[in-house]
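Spelled out, the chains give:
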Amino acid sequence: MRIYNKYIISLILAASAVNTLLAAVGQNDLEVYFVVNILAYLVVTLLYVYLNPRAKKALNTIGAVLFGGFLVIVSIKVIEIVAGR
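Just so we're clear, the structure is a prediction, and the values are computed from it rather than from any experiment.

Asks: Residues and numbers for the overall build of the chain, please.
Replies: For the chain, the count of helices and strands is 3 helices and 0 strands. Since a compact globule built from 85 residues should have a radius of gyration of about 12 Å, the 15 Å found for the chain marks it as more spread out than a globular shape. Based on the C-alpha atoms only, the size of the chain along its principal axes is roughly 50 × 30 × 15 Å. When each of the 85 residues of the chain is scored for burial, the buried share is 21%. Pairs at least 24 residues apart make up 60% of the contacts formed inside the chain by residues separated by at least 6 positions. Working note: accessible area of the chain is about 6,300 Å², and carbon and sulfur atoms make up 71% of it.

Asks: How would you sum up the environment of Ala24? Please name residues and give values.
Replies: Within the element layout of this structure, Ala24 appears in helix H1 (residues 3-25). C-alpha of Ala24 to C-alpha of Met1: the two residues are 23 residues apart in sequence and 32 Å apart in space.

Asks: So what about the pattern of salt bridges? Which residues, and what values?
Replies: A pair can form between side chains of opposite charge whenever their charged atoms are brought close. Counted by the stated rule, this structure contains 2 salt bridges. Linking Glu31 and Lys77 is a salt bridge whose minimum nitrogen-to-oxygen distance equals 3.0 Å. Placement of Glu31 in helix H2 (residues 30-47) and of Lys77 in helix H3 (residues 53-84) is noted, with a sequence separation of 46 residues between them. In this structure Glu31 comes out as partly exposed when scored by relative accessible area, which is 31%. Residue Glu80 pairs with Lys77 through a salt bridge whose shortest N-O separation is 3.8 Å. With a gap of 3 residues between them, Glu80 and Lys77 both fall in helix H3, about one helical turn apart. Among the residues examined, Glu80 registers a relative accessible area of 49% and is labelled partly exposed. Bridged by salt links that share partners, the residues Glu31, Lys77 and Glu80 form one connected network.

Asks: Describe H1, and please don't skip the residues or the numbers.
Replies: For H1, built from 23 residues, the straight-helix expectation of 33 Å at 1.5 Å per residue is met to within 8% by its first-to-last C-alpha distance of 33 Å. For H1, the full list of buried residues reads Tyr7, Ala14, Val18 and Leu22. Buried-residue contacts for H1 involve H2 and H3. Immediately downstream of H1, the backbone of Gly26 shows phi near 100 degrees, a positive value.

Scoring rules and cut-offs
Residues numbered from 1 in each chain as written. Predicted model: local features only at pLDDT ≥ 70, side-chain atom pairs only at ≥ 80, totals over all residues. Heavy atoms only, no water. Helix = DSSP H or I, 4+ residues; strand = E, 2+ residues; numbered from the N terminus. Rg over C-alpha atoms; globule rule 2.2 N^0.38 Å. Buried < 20%, exposed > 50% of the residue type's maximum accessible area, 1.4 Å probe, protein only. Contact = heavy atoms within 4.5 Å. Areas by Shrake-Rupley, 256 points an atom, 1.4 Å probe, with all protein chains shown as cover. Salt bridge = Lys/Arg side-chain N within 4 Å of Asp/Glu carboxyl O. Expected span 1.5 Å × (residues − 1).

Printed below as a string of structure tokens:
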């Protein structure tokens with residue numbers, strides 16, 4: 001099995017486990033799903049640093065965009081907390 005196949009299978013298993021766990025806990029906030037799935041994606045991607053340079057460059061770009069979305073959500077939550085007090 002090639003490393004790309006293992007990477008994709010790992011992403012699928014991580015996303016399935018995270019979403020199943022969040023659903024079992026009773027979480028129904030979409031932002032929580034988004035943030036936890038981004039964190040799972042970043043962790044799995046860091047574990048597969050042995051991809052070829054072109055693939056690693058593309059994955060780093062995707063990771064940067066997703067991390068930007070994570071920062072936007074965190075910023076909005078911080079603004080809500082500060083404005084609420």
